[in-house]
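Chain by chain, the residues:
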Protein chains: 2
Amino acid sequence: VAILLYSPNDDLLAWRRELLARRPDLDVRIWPETGDPAQVTMALVWLPPPGMLAGLPNLGLILSLGAGVDAMLRDTTLPDLPLCRMIDPALTRSMSEFVLLHVLKYHRQLDLYALQQRRGEWSFYLALPASERRVGIMGLGVLGEDAGRLLARHGLKVSGWSRTSKTIEGIASFAGEKELDAFLGELDILVCLLPLTAETDSILGTKLFARLPRGARLINVARGQHLVEQDLIDALDTGQLAHATLDVMRTEPLPPEHPFWRHPRIDLTPHVASYSLPESGVEIVIENIRRFGAGEPLLHVVDRGRGY
Amino acid sequence: VAILLYSPNDDLLAWRRELLARRPDLDVRIWPETGDPAQVTMALVWLPPPGMLAGLPNLGLILSLGAGVDAMLRDTTLPDLPLCRMIDPALTRSMSEFVLLHVLKYHRQLDLYALQQRRGEWSFYLALPASERRVGIMGLGVLGEDAGRLLARHGLKVSGWSRTSKTIEGIASFAGEKELDAFLGELDILVCLLPLTAETDSILGTKLFARLPRGARLINVARGQHLVEQDLIDALDTGQLAHATLDVMRTEPLPPEHPFWRHPRIDLTPHVASYSLPESGVEIVIENIRRFGAGEPLLHVVDRGRGY
C-alpha cells in the first residue's frame, strides 16, 4: 500500500515519520519521488498542482492536509474519489488563538492607538467590559465553533451565523439569509470563518458591510475569495468599517503593488492563522487510512455539491 | 461622615452613584466642591495634586482609585494615615486581558508581520505551540498572579519572579536577586508587573536585558520609572531585544518629541492596560469605609516602608 505526500508548505519528512511510527507497513512516498504511479492508492496533499492526482491511475482516497479544500475542488481534473478534510486539534487551536488575539486587539482598541502613535497623539478611549463587546462569527463549522467557544469563555458577547441553525452554549445562533440582517446589525467585530463555496464567494462586500453598525471591524481568516477587495477599501474610506485584519488574499503571495500593503487601516498577515502539526494531525489520517483499508465509512468526507 | 472624591481620569459621578446606592447616609463630595474641609474624614482619590490631602485637617483614611500608589507616596506632604490600594475584579481582569493580548501578539509574531507589511514582504515564520512559548512575569502580586494564571490557562509556559517565593499552580516560581538570572535566561517574552519601589526603580535596563535570551520581547504595564529609556533603545538597536510594548511612561503624556513615538520596534499605548469600574470597585471601598467606621482592621493597606 503506497501513499503519496505533496505540499508546498508542510514538513513532509515529519509527516512521513509520524505515519511510519504508527503504521510501519505503509509505503510512504514524497513527491516527486513517486515511483510507479500505479502503486499509489492514497494521497495526502495540500495545494497539489492541477492534474497531479489525475496521473495516479489506482488512486482510491485523497486526504487533505488543510481544512479548506476549495482550491483542490477548482482542479477540473480532480478524480471523483473520496476527499477527506483535515481535522487536527493543533490546527483548530491555532486558529482559535489567532482569532482571540485579533478580537482582543480590536476590543482593546489597539488599532486606534497604533494610528495615534503614528501621529504622536496621547489620548484614550472609554473601555468597554468584554461582556459588552459584541463579536460575530460567520461560519460555525469545527473552526468557527471552537473559536466562538474560546471567545465566550473569555467573557465576550458572541454570536454566530451559519447556513443551518446550531445550538452552541454561550453563542447566540443565527441562520440563513433571513437572519443575516439581525446577526450583522449588532456587531462590533465580524470574524469570517466560512468555507469558500459558490454561495459564500465575495460575500464580504458593500452590501454586507452596510448591514454592520458604522465603524465595525472585520477579521477575515477564511479565504481571500470571500472578500471584494475594492468594496473593503471603499468601506474603510467612508468609515463604514473602521479597520480590517486579513490573513488570506485572493492572490497569495499578495502582489507587491497591491494597495492593501500600505493601507493604514488594514493589518495583513501572510496566511498564518492556523497550521496543522504532524504529531496531532496524523491521528485522523491514520484512522482514515485504516477505514479505507477495511472498507469502512471515512471521516470528514467533503460533500462536493456543498463544497466543504 | 463626608468622603471627598478626586481623579483626573475616573467617572466620579458614577463612583458617587455607586457609593450612595450602597450607603445613602454618606456625604459624597466631588472636588473642587469640597465644602468645609474639616468635615471630610475620608478621601477616595487618584493622582491628587500634591498638598491636596494635607489640606483636610480631620482626614482619617485615604482610599486609592488605582492599584499603584507610588505617585501618591512621592507627595512629601501626604498625611501619615492609612492608605488602601484599589483591588477591583474589573481592574484585575482588564490588566490580565491586556497582558494576554500582547503576549499572544508576540507569540504569533505579529510584530514581525507588521514590519514585513511596511516593507511589502510576504513570508512566514515557523509557528511554535503555545506550550513551548516561554513567558515570564516580574511581580506576582494580585495583578501578576492573575495574569500568570490566565496565560497558563491559555497553555503558555509561564514563570514568575517576585521578592519572596510564591506557590501558584501552573507558574514556575523564582524569587530574589539570586534567582533572577535563572528566571530571565529562559524567556521569550518578559512582562513587568512590579510595584514601583526604590528596589525596582530603573530595573528594566541594560544589565537586565543582557540576561534575557537574544531577541526577547518586553511588555511593561507597570510604571514608566521601571524602564531606563535609553537602555531600551540601545537594546532594540543591537537586537538584544526584538520588540517592546509600553503602556506606561516616565512622563505622561509622553512628550511629542520623544523618540519612542516613532520607533519601529516599540508599540505604545496611553496607560490603558487596566481600569477600575465603579460598579465592581465600589465593593472594596464600601467595605473599607465600614471597617474604618467600626474601628476594624482595613483591607489592602499599603506598607509605606515597602512601598506597596
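Being a predicted model, the structure only gives us computed values, none of them experimental. (Residues numbered from 1 in each chain as written. Chains lettered and ligands numbered in written order. Predicted model: local features only at pLDDT ≥ 70, side-chain atom pairs only at ≥ 80, totals over all residues. Heavy atoms only, no water.)

### Structural notes on the overall build of chain A
Piece 1. Each helix and strand in chain A was counted, giving nine helices and twelve strands.
Piece 2. For 308 residues, the compact-globule estimate of 2.2 N^0.38 gives 19 Å, and chain A sits close to it at 21 Å.
Piece 3. Referenced to the eigenvectors of the C-alpha coordinate spread, the extents of chain A come out at roughly 65 × 45 × 35 Å.
Piece 4. Across the 308 residues in chain A, those meeting the buried criterion constitute 55%.
Piece 5. The contacts in chain A between residues at least 6 apart in sequence include a share of 61% that link residues at least 24 apart.
Piece 6. By element, 53% of the accessible surface of chain A is carried by carbon and sulfur atoms, the whole surface being about 12,900 Å².
Piece 7. The centroid of the 32 positive side-chain charges in chain A is displaced by 4 Å from the centroid of its 38 negative side-chain charges. (Helix = DSSP H or I, 4+ residues; strand = E, 2+ residues; numbered from the N terminus. Rg over C-alpha atoms; globule rule 2.2 N^0.38 Å. Buried < 20%, exposed > 50% of the residue type's maximum accessible area, 1.4 Å probe, protein only. Contact = heavy atoms within 4.5 Å. Areas by Shrake-Rupley, 256 points an atom, 1.4 Å probe, with all protein chains shown as cover. Lys, Arg positive; Asp, Glu negative; His and termini not counted. Charge placed at Lys NZ, Arg CZ, Asp CG, Glu CD.)

### Notes on helix H1 (residues 12–22) of chain A
All names here are of chain A.
Piece 1. Within H1, the full set of buried residues consists of Leu12, Ala14, Trp15, Glu18 and Leu19. Down the axis of H1, the buried set is contained in an arc of 155°. They therefore lie on one face. Seen from the buried face of H1, the exposed residues on the opposite side, beyond 90 degrees, are Leu13, Arg17 and Ala21.
Piece 2. Check the buried side of H1 and you find it contacts strand E1 (2–6), strand E2 (27–30), strand E3 (40–45) and helix H9 (278–294). (Arc of directions from axis to C-beta.)

### Overview of the relation of the copies chain B and chain A
The second copy of the chain is related to the first by a rotation about an axis and a shift along the axis.
Piece 1. Note on the identical chains: chain B maps onto chain A by a rotation of 180° and an axial translation of 0.0 Å, with an RMSD of 0.1 Å. The operation mapping one copy onto its partner corresponds to a two-fold rotation axis. Rotation axis and chain B: the residue whose C-alpha lies nearest the axis is B:Leu101, separated from it by 2.9 Å.
Piece 2. Most of the interface of chain B is mirrored in chain A, where 100% of its interface residues are also at the interface. (Least-squares fit on C-alpha atoms with pLDDT ≥ 70 in both.)

### Thoughts on the sheet that holds strand E10 (residues 216–220) of chain A
Residue and element names in this part refer to chain A.
Piece 1. Read from one edge of the open sheet, seven strands run E8-E7-E6-E9-E10-E11-E12, paired in parallel fashion. Unpaired on one side and paired on the other, strand E8 (171–175) and strand E12 (266–268) mark the two borders of the sheet. For this sheet the average axis-to-axis angle between neighbouring strands, irrespective of direction, equals 15°.
Piece 2. By the bridge criterion, four bridges tie strand E9 (residues 189–192) to E10 in an arrangement that is parallel. By the bridge assignment, isoleucine 189 is partnered in E10 with arginine 217. (Pairing = 2+ DSSP bridges. Axes fitted to C-alpha atoms, helices over the stretch in contact; angles between N-to-C directions.)

### What about the sheet that holds strand E1 (residues 2–6) of chain B?
Strand-to-strand pairing in sheets goes through backbone hydrogen bonds, with the strands running parallel or antiparallel.
Residue and element names in this part refer to chain B.
Piece 1. Read across the sheet, five strands follow the order E2-E1-E3-E4-E5 without closing on themselves; strand pairing throughout is parallel. Both edges of this open sheet fall to strand E2 (27–30) and strand E5 (83–84), since each of them pairs with a single strand only.
Piece 2. Looking at chain direction, strand E4 (residues 61–64) and E5 are connected through two bridges and run parallel. Pairing of leucine 63 across the sheet is with cysteine 84, part of E5.
Piece 3. Set on the sheet, helix H1 (residues 12–22) makes contact with E1, E2 and strand E3 (40–45); between it and E2 the angle comes to about 175°.
Piece 4. Along the sheet, helix H9 (residues 278–294) contacts E1, E3, E4 and E5; its crossing angle with E4, the most-contacted strand, is approximately 170°.

### Some points on the confidence of the model for chain A
Piece 1. Per-residue confidence for chain A gives a mean pLDDT of 96; residues scoring 70 or more make up 100%.
Piece 2. Across the predicted assembly, pTM comes out at 0.93 and ipTM at 0.93. (pLDDT = per-residue confidence, 0-100.)

### Brief notes about the pattern of salt bridges
Residues and elements named next belong to chain B.
Piece 1. The tally for this structure, following the rule as stated, stands at 37 salt bridges over all chains.
Piece 2. Note that arginine 223 is salt-bridged to aspartate 70, the shortest N-O span being 2.8 Å. Separated by 153 residues along the polypeptide, arginine 223 in the loop between strand E10 (216–220) and helix H8 (229–238) and aspartate 70 in helix H2 (residues 70–73) bring together distant segments of the chain. Considered together, arginine 223 and aspartate 70 belong to a single accessibility category, that of buried residues. (Salt bridge = Lys/Arg side-chain N within 4 Å of Asp/Glu carboxyl O.)

### Considering the pairing of E3(A)
All names here are of chain A.
Piece 1. The buried fraction of E3 is high, at five of six residues.
Piece 2. As paired elements, E3 and strand E4 (residues 61–64) share four bridges and run parallel to each other. When the bridges of E4 are listed, methionine 42 appears paired with leucine 61.

### Topic: helix H4 (residues 110–119) of chain B
Piece 1. Buried within H4(B) are the following residues: B:Leu110, B:Asp111, B:Tyr113, B:Leu115, B:Gln116 and B:Gln117.
Piece 2. Residues of H4(B) that are buried sit in contact with helix H3 (89–107) and E12 of chain A together with helix H3 (89–107), E10 and strand E11 (241–246) of chain B.
Piece 3. Just beyond H4(B), the residue with positive phi is B:Gly120, at close to 70°.

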